[in-house]
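Each chain, letter by letter, is given below.
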Amino acid sequence: MSSTSQKRKKIQKKFKNRGYNLKFDALDEILVFADQFPDDADGEAIDLLLDNLQESHKSSTVDAESVRGLINQLLGAHNAPEEPTTSASSLAVIDAFLVPKFGYDSVKKKFNEHTSSLPIHGEASAKTALYRERFMLLSQRVSRAEHFSRPAFDAEMSQFENNEISSIQSLISQRGRKWVMGVISQLEDGHFYLEDLSASYKITTGFFTENTIILAEGEMQVNGIFQVITCGFPPLEDRDKTLKAHSEYDFFGGGTLTKEETIRLADLERQAVNDTFVILSDIWLDDEEVIRKLETVLDGFESVETVPSLFVFMGNFCSRPCNLSFGSYSSLRELFGKLGRMIGNHPRLKENSRFLFIPGPEDAGPSTVLPRCALPNYLTEELRNIIPNAIFSSNPCRVKFYNQEIVFFRQDLLYRMRRSCLVTPSTEETKDHFKHLVYTITHQSHLCPLPLMVQPIIWNYDHSLRLYPTPHTIVLGDKSEQEVCKFGGTTCFNPGSFSTDSTFVAYRPSTQEVELSAL
C-alpha cells in the first residue's frame, strides 16, 4: 500500500474515533496540511487540528471549508489571503460510493438523508425503492413546474387553464383529457404499460426506453386503454431554482457552503483562467501506437507555459475485455507501471498536475454493474508509487472545482440508448443523436436510465447516478464521435475515443469552454 493511502486511512480513522464524518474534499485539505510535517510520524499535527476543530465545529460532518480556516491558523497564515493556492484545495474528487443518499418524503415535502451504511447486495425491497425514489425525485421537481402546478386561488382558472397531473388510478372515474406521469414498464412480454405509484394501464404508444419516466396527455377509452395524444419527459428545472428550493442539502457530496463562501468561491473560479482539464477516453496500454500518441500529448503539454491542473484518463485501459477469460493481469500491472514512468519523465506534469483514473465498462473489476469501483490496487500500485498525484476513483465519479460541479461517466451509452428505444426519437427539433442523449439524461435526472436487464445497477447506490440538481458539466466518455452540447445551462461533451480516433478534449472550467482536440 502506498504511503499516501496509509496516511488517508490514518486520518480517516482519527476523525472517526472522535465521531466525525470526513468529507472527501476535507480529506484532501488535511492531507496537504499533514504533508507540511514530514517528520510527524505520530500524527500530532492531526491531533492538534482535531482539538481545535472540537472547540469550534458543532456538526458531525466535516467539509473543506470547516478545516481550511483552522489549517491557516495552525500554519501561522491566519492573516494571509483566503484564496486556495493548491490544486488540492480547489479540486475535490468524490467517489460514487461516498455520494450522500437522500430520499424524498412526499408527506413532509422534504428530503431525508440516509445515514446508515448501505450494503452492496441489497434486499428485494431495495429494487422497488430504486424505482420509487426515481419517480418521487422527478415528481417533486414537476410539482414546481409552472405548467403543472396547482394554482392556490381561482378554482375556475384551475379547471380550464391548469394542467394538473392525475394519478393513473383516478382515471377510472374521470373523463376528458388528462395528464399523467409514470414509468414505462414491460409487465408482460411485448406489452408496455405506464405505471405510477397507484396503478398501471396499457398505453398504445411509448417514447424513449423502458424504465424512463414520462408525462403523457390523453384520454381514457371505454375499453380501459389510455389513448395517448402527447407524451414527453418531465420538464427540466433550472439549477438555481432547484438550489433555492433545497439549499440545505448536499446532493453532490462536496460539502454545504454558506452564501458568502459560495460568492467567494465563484469569484476564485472566474479568476482561475489558467486551469485546464485534459480528458482522454479509451487509453489502451497494450497498444504501442496508443502509447506513442499519449506520449506526444504529454510532450505537448509539458512544454506549455502553464501545465494543465488535471488530466483525466478514462478507460478502457486494455484493447480487449478484462473478463474471466482475461489471463494477463500481471502484464497489465506492468503496463500501468510503464505509464507511471512515462508520466514521471515529464517533471513539470508530475509536479504540478493531478491525474484522475476512471475505469471503463470492460476494465478489471468485480463486475460490470454500476457504479463501478476504482481500478484494483494490484494493477495500479507501481503507478501510485511513482505518481503521488494520481487519483483512482469510481465510474461514475464527481469532481468539484471551487463552485463548479462536474460529473464524469465512462459508458458507451449512445449506442445502447438508441438500441433500447421503443420509438424512434422525434426529428422535429434535432436529428443529432448526442443531443437526444443529453436531453434524456438531464430530463430524467439520471446518468443511465436504461432497463436494469440492459445495464445492471447496484440497487442501494442508484442515487450515485442521479443528476440532481443538474450539474454544471457532464463528461460522457463514449466510443462514438467526439461532440459538445450545451443545454439548459449544462455543458455536456464526449471526448471521443483516443485509441480509435486520436481525439481528446481540453476543458477550461472557469469559462466552461470545451476545445475538441485531436492529433
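Rules of the game
Residues numbered from 1 in each chain as written. Predicted model: local features only at pLDDT ≥ 70, side-chain atom pairs only at ≥ 80, totals over all residues. Heavy atoms only, no water. UniProt positions renumbered as here; feature names shortened; annotations may be inferred. Helix = DSSP H or I, 4+ residues; strand = E, 2+ residues; numbered from the N terminus. Rg over C-alpha atoms; globule rule 2.2 N^0.38 Å. Buried < 20%, exposed > 50% of the residue type's maximum accessible area, 1.4 Å probe, protein only. Contact = heavy atoms within 4.5 Å. Areas by Shrake-Rupley, 256 points an atom, 1.4 Å probe, with all protein chains shown as cover. Lys, Arg positive; Asp, Glu negative; His and termini not counted. Charge placed at Lys NZ, Arg CZ, Asp CG, Glu CD. Salt bridge = Lys/Arg side-chain N within 4 Å of Asp/Glu carboxyl O. Core = buried A, V, L, I, M, F, W, Y, C linked by side-chain atoms within 4.5 Å. Pairing = 2+ DSSP bridges. Axes fitted to C-alpha atoms, helices over the stretch in contact; angles between N-to-C directions. pLDDT = per-residue confidence, 0-100. Disulfide = S-S within 2.5 Å.

Per an unreviewed UniProt entry, the recorded name for the chain is DNA polymerase epsilon subunit, and the organism is Arabidopsis arenosa. Per its UniProt entry, the chain bears the Function (unreviewed entry) comment "Participates in DNA repair and in chromosomal DNA replication." Note on the chain: under the UniProt heading Sequence similarities (unreviewed entry), the record states "Belongs to the DNA polymerase epsilon subunit B family."

Colleague: So, the overall build of the chain: which residues are in play, and what are the values?
Modeller: Along the backbone of the chain there are 16 helices and 22 strands. Compactness check: the chain gives a C-alpha radius of gyration of 24 Å against a globular reference of 24 Å for 519 residues, within 12% of the reference. Taken along the three principal axes of its C-alpha coordinates, the chain extends 80 × 55 × 40 Å. Split into buried and exposed, the 519 residues of the chain put 52% on the buried side. Across the chain, contacts joining residues at least 24 apart in sequence account for 67% of those joining residues at least 6 apart. When the accessible surface of the chain is totalled, it reaches about 24,500 Å², and 48% of it is carbon and sulfur. Across the chain, 54 positive and 69 negative side-chain charges occur, with their mean positions spaced 4 Å apart.

Colleague: Which residues make up helix α2 (residues 24–34), and what values go with them?
Modeller: Here α2 lies mainly inside the structure; ten of its eleven residues are buried. F24, D25, A26, L27, D28, E29, I30, L31, F33 and A34 are the residues of α2 that are buried.

Colleague: Pulling in residues and values, what's your account of the pattern of salt bridges?
Modeller: Counting across every chain of the model gives 17 salt bridges. The residue D28 makes a salt bridge to R8 at a minimum N-O spacing of 3.4 Å. Residue D28 is found in helix α2, and its partner R8 is found in helix α1 (residues 3–17); the two are separated by 20 residues along the sequence. Residue D28 is classed as buried on the basis of its relative accessible area of 3%. Between D462 and R134 there is a salt bridge; the shortest N-O distance is 2.8 Å. Separated by 328 residues along the polypeptide, D462 in the loop between α15 (433–444) and β18 (473–477) and R134 in helix α6 (residues 124–142) bring together distant segments of the chain. For R134, a relative accessible area of 11% translates into the label buried.

Colleague: Go over the UniProt feature "domain: DNA polymerase alpha/delta/epsilon subunit B" (unreviewed entry) in the chain, please, and point to the residues and values.
Modeller: Under the present numbering, the feature "domain: DNA polymerase alpha/delta/epsilon subunit B" (unreviewed entry) in UniProt falls on residues 277–484. Secondary structure within residues 277–484 divides into 32% helix and 18% strand; the distance between the first and last C-alpha atoms comes to 15 Å.

Colleague: Explain the nonpolar core residue by residue, including any values.
Modeller: Judged by nonpolar contacts, the single largest core of 34 residues is most densely connected at L294, F313 and F357. Elements with a minimum of two residues in this core: β12 (277–281), α10 (288–302), β13 (310–314), α11 (329–344), β14 (354–358), α13 (377–386) and β15 (390–392). Take this core: its biggest share by element is six residues, from α10. Non-local contacts of F357, meaning those with residues more than four positions away in its chain, are made with F313, F317, L339, L375, L383, A390, I391, F392 and S393. With 25 residues, the next largest nonpolar core counts I358, C397, F401 and F493 among its residues.

Colleague: I'd like a description of the sheet that holds strand β22 (residues 513–518), backed by residues and values.
Modeller: Taken together, six strands build an open sheet; the order of strands is β15-β14-β13-β12-β21-β22 and the sheet is mixed. Every interior strand has two partners, whereas the edge strands, β15 and β22, have only one. The sheet shows a mean angle of 20° between the axes of neighbouring strands, taken without regard to direction. Bridging between strand β21 (residues 503–508) and β22 involves six bridges; their strand directions are antiparallel. Directly across from R508, in β22, lies its bridge partner E513. With respect to the sheet, α10 is in contact with β12, β13 and β21, its orientation differing from that of β13 by roughly 170°.

Colleague: Summarise the environment of C318; cite the residues concerned and give the values.
Modeller: Relative to the helices and strands, C318 is located in the loop between β13 and α11. Along the chain, C318 and D363 lie 45 residues apart, while their C-alpha atoms are 7.1 Å from each other. Non-local contacts of C318, meaning those with residues more than four positions away in its chain, are made with I283, W284, D286, F326, L332 and D363.

Colleague: Can you tell me about the confidence of the model for the chain, naming the residues and giving the values?
Modeller: A residue-level look at the chain finds 90% of positions with pLDDT of 70 or above and a mean pLDDT of 85. Low confidence marks residues 77–88, where pLDDT is under 50. Its contacts with residues over four positions away, or in another chain, come to 16 contacts. With pLDDT under 50 throughout, residues 152–161 is counted as low confidence; its partners more than four residues away or in other chains account for three contacts.

Colleague: Any details on the sheet that holds strand β17 (residues 404–410)? Residues and values, ideally.
Modeller: Whether parallel or antiparallel, the strands of a sheet pair through hydrogen bonds between backbone atoms. On the basis of which strands lie adjacent, the open sheet formed by six strands has the order β3-β16-β17-β18-β20-β19 and mixed pairing. Across the chains shown, the open sheet's two edge strands, defined by having one partner strand only, are β3 (91–95) and β19 (483–487). The sheet shows a mean angle of 20° between the axes of neighbouring strands, taken without regard to direction. Examined bridge by bridge, β19 and strand β20 (residues 490–494) share five bridges and lie antiparallel to one another. If you follow V484 over to β20, its bridge partner there is F493.

Colleague: Describe the state of the cysteines, naming the residues involved and giving the relevant values.
Modeller: For the coordinates displayed, the defined rule picks out zero disulfides. C492 takes part in no disulfide bond, and the closest cysteine sulfur, belonging to C485, lies 6.6 Å away. When its relative accessible area of 0% is taken as the criterion, C492 is described as buried.

Colleague: Can you explain the pairing of strand β10 (residues 213–220)? Please cite residues and give values.
Modeller: Most of β10 is tucked away, with seven of its eight residues classed as buried. With six bridges connecting them, strand β7 (residues 178–188) and β10 associate as antiparallel partners. Paired with K178 across the two strands is G218, which belongs to β10. In the sheet, β10 pairs with strand β11 (residues 226–232) via six bridges, with the strands oriented antiparallel. Pairing of A216 across the sheet is with C231, part of β11. Hairpin remark: β10 followed by β11, antiparallel, with five residues in the connecting loop; positive phi at G224, about 85°.

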